[in-house]
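In case you want the letters, here they are:
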Amino acid sequence: MTSSTNHKILRKAIFPVAGLGSRFLPATKASPKEMMPVVDKPLIQYAVEEAVSAGITEMIFVTGRAKRAIADHFDKAYELEHQLEKSGKKELLEIAQGVVPKGVSCTYIRQTEALGLGHAVLTAAHLIGDEPFAVLLADDLIHGEISALKQMVEQHNFYGSSVVAVQQVSGAAISAYGVISGVQQGDRLYLLDGIVEKPKVKDAPSDLGVTGRYIFSPQIFEHLRALKPGAGGEYQLTDAIQMLLMQEQVIAYEFHGTRYDCGSKLGLLRANIELGLEHPEIGNELRGFLKNELFQKLQ
Ligand code: G1P
């Protein structure tokens with residue numbers, strides 16, 4: 001594998017948030033799935049905080065219809081802030097004001113047709129230009145000491161190439177992922193030689209499934225432009241990665257941290273319970289409830 005120090009700093013991230021979220025109906029009938037909370041924060045805020053922790057300052061949201069709540073969430077809330085200030089609720093005011101840290105900008109662009117993840121990323125091409133960028137899927141909540149994207153940025157800075165996040169997936173579940181094949185190059189690191197979107201279990205090239213974190217060189221756009229419909233008839237980001245790796249080095253990184261699939265009901269519930277247990281306000285009470293009341297009911 002080759003390393004390089006001659007590359008631009010990562011400043012921009014794309015958040016594809018145009019999906020319908022039909023798996024969560026009726027909750028998502030009128031509000032975006034990315035606004036569903038884990039304890040007290042919407043999923044999209046976890047993803048934005050992860051990007052900020054990795055040094056990203058320009059957030060680009062690829063949105064769709066019925067997604068206005070996301071832009072409102074990252075906007076200044078004058079009336080709310082005024083009320084909190086007037087009633088002396090300083091801590092709550094800080095929470096409301098801290099949703100977008102200083103120096104961070106948010107841009108919104110609409111994906112007018114739901115043609116797939118590859119198409120969503122391509123929609124933001126003109127806002128990226130000729131520099132590397134990250135893609136974060138808010139459905140995948142990753143919790144750990146050092147954020148997954150920050151770990152990936154370190155790899156990107158060292159190797160100068162695109163990086164996709166992977167984790168081991170067991171059994172039939174592998175068919176729900178982009179799956180990589182590659183040669184292991186060191187601790188948690190693989191040089192990609194192939195990637196396929198949602199293969200049948202028998203065709204999966206490995207048990208390493210792609211998790212929703214990517215860092216791309218801008219060359220990915222030429223492959224996104226050349227895409228033909230892939231799995232499920234959609235323009236797949238995975239297919240563009242397959243073309244990219246034939247042109248330049250792409251690495252896969254098995255991050256440290258726990259990933260919750262918040263695109264599924266069970267995953268969202270698990271995230272709520274596990275992050276709830278760590279929450280300074282409710283953690284102890286939740287632990288007591290689970291141990292003393294719920295556990296007994298389950299016996
Ligand atoms: C998308 C990607 C897939 C990736 C997954 C991770 O699929 O297409 O390659 O493994 O995200 O969450 P989706 O879950 O949107 O169907």
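See the structure shown above.
If you're wondering where the values come from, they're calculated on a predicted model, not measured in any experiment.

Helix and strand counts for the chain come out as 11 helices and 13 strands. For 299 residues, the compact-globule formula gives about 19 Å, and the C-alpha radius of gyration of the chain, at 20 Å, lands near that figure. With respect to the principal axes defined by its C-alpha atoms, the chain has extents near 60 × 50 × 35 Å. The 299 residues of the chain split such that 46% are buried. Restricting the contact set of the chain to residue pairs at least 6 apart, pairs at least 24 apart contribute 76%. Only carbon and sulfur atoms are counted for the fraction: they give 53% of the accessible area of the chain, which is about 15700 Å². Placing the 30 positive and 35 negative side-chain charges of the chain at their respective mean positions leaves the two points 5 Å apart.

This paragraph deals with helix α1 (residues 43-53). Of all 11 residues that make up α1, eight are buried, and the element is covered over most of its length. Looking only at α1, the buried set comprises Leu43, Ile44, Gln45, Tyr46, Ala47, Val48, Glu50 and Ala51.

To continue, consider the pattern of salt bridges. Pairing of side chains with opposite charge becomes possible as their charged atoms draw close. Per the stated rule, a full pass over the model turns up 13 salt bridges. Between Lys33 and Asp139 there is a salt bridge whose closest N-O contact spans 3.0 Å. With Lys33 in the loop between β1 (12-16) and β2 (37-38) and Asp139 in the loop between β6 (133-136) and β7 (140-143), the pair connects residues that are 106 residues apart, well separated along the chain. Note on Lys33: relative accessible area 17%, which makes it buried. A relative accessible area of 19% places Asp139 in the buried class. A single salt-bridge network, built from bridges that share partners, covers Arg11, Lys12, Glu58 and Glu131.

Put simply, helix α3 (residues 78-86) and helix α4 (residues 90-97) touch, their axes get as near as 8 Å, and they point 160° apart. Taken as axis vectors, α3 and α4 run roughly antiparallel relative to one another. Of the two possible hands of crossing, α3 and α4 adopt the one that is left-handed. Touching Leu80, Glu81, Leu84 and Glu85 of α3 are Leu92, Leu93, Ala96 and Gln97, all from α4. Residues of the contact of α3 with α4, tallied by class, amount to five nonpolar, one polar and two charged.

As a matter of local geometry, the ligand sits amid 13 residues, with Asp140, Gly178, Glu197, Lys198 and Val210 nearest to it. One of the side-chain nitrogen or oxygen atoms of Asp140 is found 2.8 Å away from an oxygen atom of the ligand. In the environment of the ligand, an oxygen atom lies 3.4 Å from a nitrogen or oxygen atom belonging to the side chain of Thr238. Protein chains shield 76% of the accessible area of the ligand, which is 380 Å² for the free molecule. Because more than half of its atoms lie within 2 Å of the grid, the ligand is assigned to the largest pocket. Element by element, the count of residues in the shell around the ligand is highest for strand β11 (residues 208-216), at three residues. Its residues assigned to classes, the shell around the ligand comprises five nonpolar, four polar and four charged.

Conventions and cut-offs
- Residues numbered from 1 in each chain as written.
- Predicted model: local features only at pLDDT ≥ 70, side-chain atom pairs only at ≥ 80, totals over all residues.
- Heavy atoms only, no water.
- Helix = DSSP H or I, 4+ residues; strand = E, 2+ residues; numbered from the N terminus.
- Rg over C-alpha atoms; globule rule 2.2 N^0.38 Å.
- Buried < 20%, exposed > 50% of the residue type's maximum accessible area, 1.4 Å probe, protein only.
- Contact = heavy atoms within 4.5 Å.
- Areas by Shrake-Rupley, 256 points an atom, 1.4 Å probe, with all protein chains shown as cover.
- Lys, Arg positive; Asp, Glu negative; His and termini not counted.
- Charge placed at Lys NZ, Arg CZ, Asp CG, Glu CD.
- Salt bridge = Lys/Arg side-chain N within 4 Å of Asp/Glu carboxyl O.
- Axes fitted to C-alpha atoms, helices over the stretch in contact; angles between N-to-C directions.
- Parallel < 35°, antiparallel > 145°, perpendicular 65-115°, else oblique.
- Left-handed = near helix turned anticlockwise from the far one by under 90°.
- Nonpolar A, V, L, I, M, F, W, Y, C, P; charged D, E, K, R; others polar.
- Near = heavy atom within 4 Å.
- Polar contact = N/O pair within 3.5 Å; in protein donor to acceptor, adjacent residues only side chain to side chain.
- 1 Å grid on protein atoms, 1.4 Å probe; cavity = no way out; pocket = protein on both sides within 12 Å on 5 of 7 lines; lining within 4 Å.
- Sits in = over half its atoms within 2 Å of the grid points.

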